[in-house]
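Now for the letters of each chain:
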Amino acid sequence: MNNIIECRSLSFNYGAGITKTSVLKNLDFKVKANEKIAIIGQSGCGKSTLLNLMAGLDTPTDGEVLIDNTNISKLKEHQRTEIRAKNLSFVYQFHHLLKDFSSLYNTALPLLIDDMNKNEALLKAEKILKKVGLESRINHKPSELSGGERQRVAIARAMINEPTCLLADEPSGNLDEKNAKDILDLIIELNNNQNTALIIVTHDLNIANKMDKKFDLINGRLNESL
Ligand SMILES: Nc1ncnc2c1ncn2[C@@H]1O[C@H](COP(=O)(O)OP(=O)(O)O)[C@@H](O)[C@H]1O
Ligand SMILES: [Mg+2]
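Predicted model, so just to flag it, every value in this text is computed and none were measured.

Cut-offs applied
Residues numbered from 1 in each chain as written. Chains lettered and ligands numbered in written order. Predicted model: local features only at pLDDT ≥ 70, side-chain atom pairs only at ≥ 80, totals over all residues. Heavy atoms only, no water. Helix = DSSP H or I, 4+ residues; strand = E, 2+ residues; numbered from the N terminus. Rg over C-alpha atoms; globule rule 2.2 N^0.38 Å. Buried < 20%, exposed > 50% of the residue type's maximum accessible area, 1.4 Å probe, protein only. Contact = heavy atoms within 4.5 Å. Areas by Shrake-Rupley, 256 points an atom, 1.4 Å probe, with all protein chains shown as cover. Lys, Arg positive; Asp, Glu negative; His and termini not counted. Charge placed at Lys NZ, Arg CZ, Asp CG, Glu CD. Salt bridge = Lys/Arg side-chain N within 4 Å of Asp/Glu carboxyl O. Pairing = 2+ DSSP bridges. Axes fitted to C-alpha atoms, helices over the stretch in contact; angles between N-to-C directions. Near = heavy atom within 4 Å. Polar contact = N/O pair within 3.5 Å; in protein donor to acceptor, adjacent residues only side chain to side chain. Nonpolar A, V, L, I, M, F, W, Y, C, P; charged D, E, K, R; others polar. Phe/Tyr/Trp six-rings, centres within 6.5 Å; stacked < 30°, edge-to-face > 60°.

Colleague: Help me understand the overall build of the chain, please; the structure alone is not making it clear to me.
Modeller: Along its length, the chain carries 7 helices and 10 strands. Against the 2.2 N^0.38 benchmark of 17 Å for 226 residues, the chain shows a C-alpha radius of gyration of 18 Å, consistent with a compact globule. Within the chain, buried positions represent 49% of all 226 residues. When contacts within the chain are restricted to residue pairs at least 6 apart in sequence, long-range pairs at least 24 apart make up 68% of them. A total accessible area of about 11,500 Å² is found for the chain, and carbon and sulfur atoms account for 47% of it. If you average the places of the 29 positive and of the 29 negative side-chain charges in the chain, the two averages end up 1 Å apart.

Structure below.
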């Protein structure tokens, strides 16, 4: 099956000389279409660094990242942006919503940036906001929402352009236990419905166990745990 993301002998260092921190070391990794993967690892082991590299937001010190079978380091910046927009979406620990905009506009944003007709984009945003249980919060701004609700908007925004792969970096890290479970269940449900590949960084073993595969990031490499 087609690989959505592939890392080949990926290495990454921060800094140089005496401040050099070697975070990833010759890491190999593949994600197939529809595959659901959990990445687990101690704080500071390089999980966010790895996700940023897989998204082409950082440049490897060594090795390659392929998105949809294309080596992204060989692309020009605008081509990298294009391949990222076509394939990937993100949910972070912090929601990164625009504070002056309603849930509806925050959700529709990827479509509006992509030049979709405004009414069509807003209609699609309304539909997905209903799916994430926010039909009564469509016109609320982020400051008028709870933490869990903000993450729901972030998830709706991430899924609205039907990515081939969702990268979720500790998406429930800021939430209480009940909200965290609800948010993680919602991510899994939406990704199953939309046939999206999912790479989720989480400390929640219940969620990790629901994925097709789980990996520990240790000493700069991913080890599959059974
Ligand atoms: N901009 C940076 N400059 C130098 N070191 C960094 C930078 N960002 C992260 N690090 C270091 O790289 C390591 C991995 O960070 P990160 O990928 O954020 O870990 P995780 O997401 O697993 O908690 C940590 O030791 C961190 O201190
Ligand atoms: Mg992190």
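Still more to cover.
Colleague: It is not clear to me how the side chain of Arg 84 should be interpreted in this structure. Could you clarify?
Modeller: In this structure, Arg 84 sits in helix 2 (residues 77-87). One buried charged residue, Arg 84, forms no salt bridge at all, with the nearest opposite charge on Glu 77 at 4.1 Å. Apart from the residues within four sequence positions on either side, Arg 84 is in contact with Ala 55, Gly 56, Leu 57, Glu 77 and Phe 90.

Colleague: Whenever I open this one, the sheet that holds strand 1 (residues 3-14) confuses me. Can you help?
Modeller: Remark on secondary structure: sheet strands pair via backbone hydrogen bonds, oriented parallel or antiparallel. The strand order across the open sheet built from 4 strands is 2-1-4-5, with neighbouring strands paired in antiparallel fashion. Since the sheet does not close on itself, it has two edges, and those belong to strand 2 (21-32) and strand 5 (70-71), each with one partner. Sitting on the sheet, helix 1 (residues 47-54) is in contact with strand 1, strand 2 and strand 4 (62-67), with an inclination near 125 degrees to strand 1.

Colleague: Is there a simple way to think about the site of ligand 1 in this case?
Modeller: The environment of ligand 1 is made up of Tyr 14, Val 23, Gln 42, Ser 43, Gly 44, Cys 45, Gly 46, Lys 47, Ser 48 and Thr 49. A distance of 3.0 Å is found between an oxygen atom of ligand 1 and a backbone nitrogen or oxygen belonging to Gly 46. Here an oxygen atom of ligand 1 and a side-chain polar atom of Ser 48 are 2.9 Å apart. Coverage of ligand 1 by the protein amounts to 56% of the 560 Å² it exposes when considered alone. Looking at the shell around ligand 1, its residues break down into 3 nonpolar, 6 polar and 1 charged.

Colleague: I'm lost on the sheet that holds strand 6 (residues 88-91) in this one. Help?
Modeller: One open sheet accounts for 6 strands, arranged 6-7-8-3-9-10; its pairing is mixed. Each of the sheet's edge strands pairs with one partner strand only, and the pair in question is strand 6 and strand 10 (221-225). Taking the axes of each pair of neighbouring strands and ignoring which way they run, one obtains an average angle of 20 degrees across the sheet. Here strand 3 (residues 36-40) runs beside strand 9 (residues 213-218); their pairing, made up of 4 bridges, is parallel. Residue pairing for strand 9: Ile 37 is matched across the bridge by Lys 213. Contacting strand 6 and strand 7 (165-169), helix 5 (residues 147-159) runs over the sheet at an angle of about 175 degrees to strand 6.

Colleague: Explain the pattern of salt bridges to me, please; I cannot follow it from the model alone.
Modeller: Opposite charge on two side chains makes pairing possible when the charged atoms of those side chains draw close. Taken as a whole and assessed by the stated rule, the structure comprises 12 salt bridges. Where Asp 182 meets Lys 178, a salt bridge forms, and the shortest distance between an N and an O atom there is 2.5 Å. With Asp 182 and Lys 178 both in helix 6 (residues 177-193), this residue pair falls 4 residues apart, about one helical turn. Classification of Lys 178 as exposed rests on a relative accessible area of 57%. Where Asp 185 meets Lys 210, a salt bridge forms, and the shortest distance between an N and an O atom there is 3.2 Å. Pair noted here: Asp 185 is in helix 6 and Lys 210 is in the loop between helix 7 (205-208) and strand 9, with a separation of 25 residues, a long-range link. For Lys 210, a relative accessible area of 47% translates into the label partly exposed. Within this structure, Glu 6, Arg 8 and Glu 64 form a network of salt bridges that share partners.

Colleague: Can you help me understand the packing of aromatic side chains in this one?
Modeller: Any aromatic ring pair is given by two values, namely how distant the centres are and how the planes are angled relative to each other. Per the counting criterion, the structure on display carries 3 aromatic pairs. Taken together, a centroid distance of 4.8 Å and an interplanar angle of 85 degrees make the contact between Phe 12 and Tyr 14 edge-to-face. Residue classification places Phe 12 among the buried positions, given a relative accessible area of 6%. Taken together, a centroid distance of 5.3 Å and an interplanar angle of 85 degrees make the contact between Phe 29 and Phe 215 edge-to-face. Here Phe 215 lies in strand 9 and Phe 29 lies in strand 2, a separation of 186 residues in the sequence. Phe 215 matches Phe 29 in its accessibility class, with the two residues each being buried.

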